[in-house]
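Summary of the model geometry
The lines below spell out each chain.
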Amino acid sequence: MRLTKERFGGLLFLLLSLAYGYHATQIPGYPGDEYEPFTASTLPYALAGVGVLLSLILICSPGGERLGKESGNWRLVFALLGLMLVYGLALGWLGFLIATILFLIAGILLMGERSLAFACKVSIPFTLIFWALLTKGLNVYLEPGRLFTQLLG
């Protein structure tokens, strides 16, 4: 079995999923949570499991382009990693809604979409639906952000 771009990406994704799964085991449980169908660690376990499964499928799949010496688009990769870092830092200040909308808009534009209107039309409804699902459907508390609480307080 030769190392292709797809298999190399699958290996990296497998390592990321395993690390995420390990850190999910560190999430503390509250007393009585063992009887609940959905806890703080349920979704992280599911995401880690799906990530491992998909990466194994990618690693075991045939074909693909041989991994060569070409550099690929590393500038885009590092720009997206930097964007994720900024998102993580901004989440506490701006809150989930604003930080996620800005993150998705910037990510869509970084990936090559030229229309800011399209990026807004995709990111705003997606974020609002996801926020409503988490807060209203699953009763998950999402911090509104220090900026929002300071403006109101």
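Under the annotation held in an unreviewed UniProt entry, the chain carries the name Tripartite tricarboxylate transporter TctB family protein and is attributed to Aeromonas rivipollensis.

To continue, consider the overall build of the chain. Helix and strand counts for the chain stand at five helices and zero strands. Ordering the α and β elements of the chain from the N terminus gives α-α-α-α-α. A compact globule built from 153 residues should have a C-alpha radius of gyration of about 15 Å, whereas the chain, at 19 Å, is more than 25% larger. A total of 153 residues make up the chain; the buried ones form 20% of that total. Look at the contacts in the chain between residues 6 or more apart in sequence, and 67% of them connect residues 24 or more apart. Put simply, the chain has 10 plus and 8 minus side-chain charges, and the middle of one group is 15 Å from the middle of the other.

Our next topic: a nonpolar patch on the surface. A contiguous nonpolar surface patch, about 740 Å² in accessible area, is contributed by Tyr20, Phe38, Leu43, Leu47, Phe126, Phe130, Leu133 and Leu138. Among the secondary structure elements, those contributing two or more residues to the nonpolar patch are helix H2 (42-60) and helix H4 (116-137). With three residues, the top contributor of residues to the nonpolar patch is H4. Mapping Leu133 onto the fold places it in helix H4.

Take the side chain of Thr100 next. The topology assignment puts Thr100 in helix H3 (residues 74-110). The contacts of Thr100, once residues within four sequence positions are left out, are Tyr87 and Thr127.

Interpretation of this model should avoid reading the predicted coordinates in detail wherever pLDDT is low. Taken residue by residue, the chain gives an average pLDDT of 88. The fraction at 70 or more is 94%. When pLDDT is averaged over each helix and strand of the chain, the minimum, 83, is found for helix H5 (residues 146-152) and the maximum, 94, for H4.

Counted according to the given criterion, the structure contains three aromatic pairs. Residues Phe96 and Phe130 carry aromatic rings whose centres are separated by 6.2 Å and whose planes lie at 40 degrees to one another, so their mutual orientation is tilted. Taken as a pair, Phe96 in helix H3 and Phe130 in helix H4 lie far apart in primary sequence, 34 residues in all. These aromatic residues form a ring-pair network of at least three members: Phe96, Phe126 and Phe130.

The next subject is H4. With 22 residues, H4 extends 30 Å from end C-alpha to end C-alpha; this agrees with the ideal 32 Å at 1.5 Å per step. For H4, the complete set of buried residues consists of Ala119, Ser123, Thr127, Leu134 and Thr135. Looking straight down H4, one finds its buried side chains confined to an arc of 80 degrees; they lie on one side. Away from the buried face of H4 by more than 90 degrees, exposed residues Lys121, Phe126, Ile129, Lys136 and Gly137 are located. Lining the buried residues of H4 we find H3. Of the residues one or two after H4, Asn139 is the one with positive phi, at around 60 degrees.

Rules behind the numbers
Residues numbered from 1 in each chain as written. Predicted model: local features only at pLDDT ≥ 70, side-chain atom pairs only at ≥ 80, totals over all residues. Heavy atoms only, no water. Helix = DSSP H or I, 4+ residues; strand = E, 2+ residues; numbered from the N terminus. Rg over C-alpha atoms; globule rule 2.2 N^0.38 Å. Buried < 20%, exposed > 50% of the residue type's maximum accessible area, 1.4 Å probe, protein only. Contact = heavy atoms within 4.5 Å. Lys, Arg positive; Asp, Glu negative; His and termini not counted. Charge placed at Lys NZ, Arg CZ, Asp CG, Glu CD. Patch = residues over 30% accessible without salt bridge, like charges linked within 9 Å, V, L, I, M, F, W, Y side chains within 5 Å. Areas by Shrake-Rupley, 256 points an atom, 1.4 Å probe, with all protein chains shown as cover. Salt bridge = Lys/Arg side-chain N within 4 Å of Asp/Glu carboxyl O. pLDDT = per-residue confidence, 0-100. Phe/Tyr/Trp six-rings, centres within 6.5 Å; stacked < 30°, edge-to-face > 60°. Expected span 1.5 Å × (residues − 1). Arc of directions from axis to C-beta.

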